[in-house]
Amino acid sequence: MREEMHRFFRAARGAGVRLSPAESIDAMNAVAAVGFADRGVLRDALLLTLAKSEDEKRALEDCFDLFFSQPEVKQAAELEHEAAGGDADAPPSESPPGAAGGPSSMLGELAQLLLSRDRNAIAAAMTGAARAASLSDIRYFTQRGIFATRMLDALGIERLHDDLDALATTNPAQAERLAAALQALRENVREVVSQALLLYGREESENLRHEMLRNAPLARLERRQVEQMQALIRSIARRLRERYSKPRKQKRRGHLDIRRTLRRNAAWGGVPFLTSWKRRRRDRPKIVALCDVSGSVAQVSDFFLLLIHSLHEVVDDVRSFAFSGHLVEVSDVLDNQSPEQAMREITSKVGFGSSDYGSSLLDFEKGFIEAVTPRTTVIVLGDARTNNLDPRADILRRISERSKRLVWLNPEGRLAWGWGDSEMPRYAAFCSVVRQCATARQLERAVSDIVGAYR
Amino acid sequence: MNTHLPAASIEAVTSGLASAGYIASRQIATAVYLAERIGKPILVEGPAGVGKTELAKALATWRGLKMIRMQCYEGLDEAKALYEWKYAKQLLYTQILKDKLGEVLGDAETLAAALDRLHDFGDVFFSKEFVEPRPLLQALEQPGGCVLLVDEIDKSDAEFESLLLEILSDYQISIPELGTVVAVVKPVVILTSNGERDLSDALKRRCLHLHIGFPEQKLEERIVESRVPGIAQTLSQQLVSFIHQVRTLDLKKLPSVSETIDWARVLVLLQSNELDHETVKDTLNVLLKYEADIETTLPQVTTFVAKAGRQGVFG
């Protein structure tokens, strides 16, 4: 049964419930205390020990139901498993009920089993075969075929084919029945494999998909990936929020708050038993983001803006500006509309023009330079390709001087900086940090560093 | 008698809690049973008024244990939760013992010798006598064990949560001057949270996570009947059915079990045997706490009462 529990834990992880070893130990203890007799109680016990939130409870409930969805088959399987002495490779010798009768006694075990129509016995044989094929190792949907074949092999399909050939000449009617039963068996096996994939494969395939997504260049996403990427960005935002939204009041040991100390200790004649320390408020980040939304950079900017604007708890104040040929403020659009709508509106406002960094920077300096204070981090996201127009690096210098930090995120690789019309090296001179930012992973690192700099 | 023995079965827990006037669902009973069996605290989450605090009280009554309640709020720190030194007493004692001090040090010739002698008496003022135990320390010091209720943990600061970790997992507290205080008898710990903020994973990991939602109709009827003796059965059925319908509305604050009980009491006081919409309209303010909610519900009252009345006939 312990093995069964471990399989369940794995399935639970697949369902997105984070389980630590300590929790599985607790769950084991709990299960030992309540026993397996009552499924409802068993489920309650597992939910109590494993789940840590409402969502996880729901996921775990579904997982539990899926896992124990065939209780009577499972039970039969165990009895049979014990009877067979743990060796499931050889299909257990079932004593076929009298129905099959005389002629079938020359047939292989699987044929006999199928003809007997003993559902419990068939289910038991299936479970045995699943064990033999180590079905719980299934990870990816591409493995379905292999595992189905393995299970059928373990069931003894080869002997069945021989029997079918033999019967075709001697007893066509029985051969037909057997063929139909085989068809049903194949379907059953496929179903079992699919269920196993659902239980055990989810975690791996999800991980694989996330990993690929995290490292995929944002600028060249396929349409169907865009939605997944938005989900990923949301989860990144949630992680950053959790990490950085901790309370910002911090006791600063070492600086005595004399006034408060005297007041607190007045009752003891001013003998300072209780000390009060000065508190310092930590700043919350203020961010001004300038995003190039022209051509190839547009999609990266979209995701960046999406991320920055879902960090309300962490960031005090975000003002976003989008530019290509000229620059406009887009904070309101991003705050009030759904991501898709917002992106569409921004694109229609600023458009996919060719970018003009010089005039965009000038627009910013004329209209919005007030937004930059010594507490502000200015983030510029763009490829710094100026189309051979005046880069106006002098404006960037003035912005840099006014701000706390100036971070430049460039979707292009380092090697491309400075080649062709890229003015990155000239701009880089006035930036506190220049980072490459082409994938979700790099985006997360960059934003995490920016927010973390305020601690 | 059975104070130190964990309950034999989940049914025993249910009947035990029922004897203390708490009608528990199977989940709740399982949680309490497991908490005693594997010695873990229970973290209870759920909307206000579904009986989170009540569970701790009922458990204490059933077990005949003392209940120590620790109400959490913002700014709660270790001086108020764990222990504090009795400064005034320390000060007073130093004043009184001043003369004694002279005697003790009188024949010391050098400063160093006096200091040495003082060291021998060193920790007099930082001993058990001068510690003022606060709820958490009290809970550990109870000779017969107790039920420790840490109420509304989500109201406290994140630092306080970390402070609790040592108690929750090892049932001990470290006091720098005295060393580690280990629980005489492990208390049963119940933490409640209204979900105002997310608790840390470290805390959640150490607890059994129990969510109490609004009870099912049958269960709530039993709760009302046990809490409001003398209520007519038809009335309690209609009343619970009515409340279940109200909970389907989009309200600011849904009425929970405590409101159901209050309302049942009011109706019993008004000597009504059945739900009729005049009484309901007059007493709706017992059930709903916001003017806007009452306005949303008022137009629905007649239909709800009619439905609830049918419930009484067929249910």
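Conventions adopted
- Residues numbered from 1 in each chain as written.
- Chains lettered and ligands numbered in written order.
- Predicted model: local features only at pLDDT ≥ 70, side-chain atom pairs only at ≥ 80, totals over all residues.
- Helix = DSSP H or I, 4+ residues; strand = E, 2+ residues; numbered from the N terminus.
- Buried ≥ 20, exposed ≤ 12 C-beta atoms within 10 Å, placed from the backbone.
- Contact = placed C-beta atoms within 7 Å.
- pLDDT = per-residue confidence, 0-100.
- Core = buried A, V, L, I, M, F, W, Y, C linked by C-beta atoms within 7 Å.
- Pairing = 2+ DSSP bridges.
- Axes fitted to C-alpha atoms, helices over the stretch in contact; angles between N-to-C directions.
- Expected span 1.5 Å × (residues − 1).
- Arc of directions from axis to C-beta.
- Nonpolar A, V, L, I, M, F, W, Y, C, P; charged D, E, K, R; others polar.

### A few points about the overall build of chain B
Each helix and strand counted, chain B has 16 helices and nine strands in total. Every one of the 315 residues in chain B was classed for burial, and the buried ones make up 35%. Expressed as a percentage of contacts within chain B between residues at least 6 apart in sequence, the contacts between residues at least 24 apart total 78%.

### Focus on the confidence of the model for chain A
Summing up the model confidence of chain A, the mean pLDDT is 78 and the portion of residues at 70 or higher is 86%. Note that residues 71–104 of chain A has pLDDT below 50 and, in this model, 43 contacts with residues that lie over four places away or in other chains.

### Comments concerning the nonpolar core
Leu60(A), Met151(A), Leu59(B), Val147(B) and Ile190(B) are the most contacted members of the largest nonpolar core, which totals 126 residues. Ignoring any residue separated from it by four or fewer positions in sequence, one finds Val147(B) in contact with Ala56(B), Leu59(B), Ala60(B), Leu65(B), Met67(B), Pro187(B), Val188(B) and Ile190(B). Within the second largest apolar cluster, 61 residues are counted, among which are Ala237(A), Val288(A), Phe304(A) and Tyr427(A).

### A few points about the sheet that holds strand β5 (residues 146–151) of chain B
Residues and elements named next belong to chain B. Spatially, β2-β5-β8-β1-β9 is the arrangement adopted by the five strands of the open sheet, whose pairing is parallel. Whereas interior strands pair on both sides, the edge strands pair on one side only; in this sheet they are β2 (66–71) and β9 (208–211). Across the sheet, the axes of successive neighbouring strands diverge by a mean angle of 20°, strand direction being ignored. Across the sheet, helix α2 (residues 26–38) is in contact with β1 (42–45), β8 (188–193) and β9; its angle to β9 comes to roughly 160°. Across the sheet, helix α3 (residues 52–63) touches β1, β2, β5 and β8, and the angle it forms with β5 is around 170°.

### Some words on helix α11 (residues 223–244) of chain A
All names here are of chain A. Along its 22 residues, α11 runs 32 Å from first to last C-alpha, staying within 8% of the 32 Å computed at 1.5 Å per residue. Listed as buried for α11 are Met229, Leu232, Ile233, Ile236, Ala237, Leu240 and Tyr244. On an axial view of α11, the arc spanned by its buried residues comes to 150°, and they lie on one face. Along α11, exposed side chains directed more than 90 degrees from the buried face belong to Arg224, Glu227, Ala231, Arg238 and Arg239.

### Some details on the sheet that holds strand β6 (residues 376–381) of chain A
Residue and element names in this part refer to chain A. Read across the open sheet, the six strands follow the order β5-β4-β3-β6-β7-β8; overall the sheet is mixed. Only two strands of the sheet have a single neighbouring strand rather than two, namely β5 (327–329) and β8 (433–436). Here the average twist between neighbouring strands, direction ignored, is 20°. Where strand β3 (residues 286–292) lies against β6, six bridges are found, and the strand directions are parallel. Its bridge partner being in β6, Val288 is matched across the sheet by Val378. Its contacts with the sheet put helix α13 (residues 298–309) on β3, β4 (317–323) and β6, and the angle it makes with β3 is roughly 165°.

### Overview of unusual backbone geometry
Even without being a glycine, Arg392(A) presents a positive backbone phi close to 50°. In this fold, Arg392(A) is placed in the loop between β6 and α17 (393–402). A positive phi angle is found at Tyr171(B), which is not glycine, with a value near 55°. Position of Tyr171(B) relative to the elements: it lies in the loop between α9 (158–170) and β6 (172–175).

### Quick look at the interface of chain B and chain A
Counting residues at the interface gives 21 residues for chain B and 23 residues for chain A. Elements that contribute at least two residues to the side of chain B that touches chain A include exactly α2, α5 (87–96), α10 (201–205) and β9 of chain B. Among the elements that line the side of chain B that touches chain A, the one with the most residues is α2(B), at seven residues. Class assignment of the residues belonging to the side of chain B that touches chain A gives a composition of 10 nonpolar, four polar and seven charged.

### Quick look at the environment of Ser156(B)
Residues and elements named next belong to chain B. One can find Ser156 in the loop between β5 and α9. In the structure, Ser156 is positioned 80 residues away from Leu76 in sequence and 6.4 Å away in space, judged by C-alpha atoms. Setting aside chain neighbours within four positions, we find Ser156 in contact with Cys72, Tyr73, Glu74, Leu76 and Glu161.

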